Amino acid sequence: MSWGESMLWTVAPYVTLVVFVGGLIWRHKYDKFGWTTRSSQLYESPLLRVAAPLFHYGLLFVIVGHVTGLVVPLAWTGAVGVSNEAYHANALIWGGLAGLATLAGLVLLIYRRRTKGPVFLATTVNDKVMYVVLAAAIVTGTVTTIAGFVPSEVSYRTTVAPWFRGIFTLRPDVVAMSHASDLYKVHTVVGMVLFLLFPFSRLVHALSAPLGYLFRPYIVYRSRSDGAPRGPGGVRVRQNRPL
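Scoring rules and cut-offs
- Residues numbered from 1 in each chain as written.
- Predicted model: local features only at pLDDT ≥ 70, side-chain atom pairs only at ≥ 80, totals over all residues.
- Heavy atoms only, no water.
- Core = buried A, V, L, I, M, F, W, Y, C linked by side-chain atoms within 4.5 Å.
- Buried < 20%, exposed > 50% of the residue type's maximum accessible area, 1.4 Å probe, protein only.
- Helix = DSSP H or I, 4+ residues; strand = E, 2+ residues; numbered from the N terminus.
- Contact = heavy atoms within 4.5 Å.
- Salt bridge = Lys/Arg side-chain N within 4 Å of Asp/Glu carboxyl O.
- UniProt positions renumbered as here; feature names shortened; annotations may be inferred.

Undergrad: Looking at this model, I keep getting lost on the nonpolar core. Mind explaining?
TA: General note: in soluble globular proteins, nonpolar side chains tend to be found buried as a group. Of all hydrophobic cores here, the largest spans 22 residues; its most connected members are Leu 24, Phe 55, Leu 106, Met 130, Leu 134, Leu 194 and Phe 198. Elements that contribute at least two residues to this core include exactly helix 2 (12-30), helix 3 (46-71), helix 5 (84-115), helix 7 (125-147) and helix 10 (182-197). In terms of residues, this core owes the most to one element, helix 7, which gives 7 residues. Residues in contact with Leu 106, not counting those within four places in the same chain, are Phe 55, Tyr 131, Leu 134, Ala 135 and Ile 138. Core analysis: the next-biggest nonpolar cluster, separate from the first, contains 14 residues, Ala 161, Val 174, Met 177 and Met 192 among them.

What follows is the structure, encoded as structure tokens:
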């Protein structure tokens with residue numbers, strides 16, 4: 001392993017974490033009103049109704065798959081009777097479907113943003129960079145998942161996963177990561193770039209939830225009293241005034 005690769009898997013993860021957490025704190029403190037999706041639904045809605053659910057629901061399953069595959073050790077699934085082969089088969093099938101759905105949704109979103117004039121005019125340079133990095137992460141992840149159909153002795157559960165868990169114990173397993181395939185390494189690097197960009201893009205809306213809406217007091221609306229005479233049932237009576 002070269003010195004540069006060793007630094008990549010040892011130092012880069014912590015730089016990413018510092019920028020990610022620090023960026024979120026800075027964004028919340030100094031750009032609260034910018035913490036939004038900058039929705040373009042008013043500009044175009046029919047295509048968005050298809051693309052947005054396809055992308056978001058697909059991405060939700062992708063995230064669940066990543067958390068399960070990286071956080072849950074191989075020994076734990078084996079202890080509950082799930083063989084590595086069965087786990088791998090399910091991950092490939094469901095992960096592949098989720099990845100393809102997410103990719104299809106993203107393609108539709110980019111097509112909509114590029115071809116619909118008002119939506120395109122509302123697109124910033126930050127949005128364009130975000131779409132490029134997000135597309136790279138999804139494409140490399142989908143390719144990696146599809147490539148997993150080819151039997152291999154090297155698995156992300158014995159290479160990437162131990163390295164990832166070691167980050168949070170301050171002992172990243174660089175040796176295990178060095179044995180990962182090039183596809184996994186590229187996908188991991190793109191993932192770190194995406195986390196670096198996350199706090200400074202519209203992606204921050206993923207961390208927002210309208211919890212306050214559930215506990216806010218009721219808003220009472222009252223009719224404005226303008227002194228006009230009222231008839232039966234409170235209906236305002238129109239008066240004819242001389243010119």
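Undergrad: Which parts of the structure should I look at to understand the side chain of Glu 44?
TA: Mapped onto the fold, Glu 44 is located in the loop between helix 2 and helix 3. Excluding residues within four positions of it along the chain, Glu 44 makes contact with Arg 112, Lys 116 and Val 119.

Undergrad: How should I be thinking about the environment of Gly 99 in this particular structure?
TA: Tracing the sequence through the fold places Gly 99 in helix 5. When the C-alpha positions of Gly 99 and Phe 55 are compared, they lie 9.3 Å apart, and in sequence the two are 44 residues distant. Gly 99 has contacts with Val 62, Ile 138 and Thr 142, leaving out every residue within four places of it along the chain.

Undergrad: What's the story with the pattern of salt bridges in this structure? I'm lost.
TA: Note that side chains of opposite charge can pair when their charged atoms are close. Under the defined criterion, the tally for this structure stands at 5 salt bridges. The partner of Lys 185 in a salt bridge is Glu 5, and the shortest N-O contact between them spans 2.8 Å. With a gap of 180 residues between them, Lys 185 in helix 10 and Glu 5 in helix 1 (residues 3-10) connect regions that are remote in the sequence. Relative accessible area serves as the criterion here: at 14%, Lys 185 is assigned to the buried category. Each of the salt bridges in this network shares a partner with another, and the network as a whole consists of Arg 38, Asp 127 and Arg 202.

Undergrad: Help me understand the UniProt feature "binding site: heme b 2" (unreviewed entry) in the protein in this model?
TA: Under the feature "binding site: heme b 2" (unreviewed entry), the UniProt entry names His 66 and His 187. These residues run over 122 residues, yet every pair of their C-alpha atoms falls within 12.0 Å of each other. The topology assignment puts His 66 in helix 3. When neighbours within four sequence positions are excluded, His 66 is seen to be in contact with Val 71 and His 187. The topology assignment puts His 187 in helix 10. Taking relative accessible area as the criterion, His 187 reaches 18% and is therefore assigned buried. Residues within four places of His 187 in sequence aside, it is in contact with His 66, Ala 137, Thr 140, Gly 141 and Thr 144.

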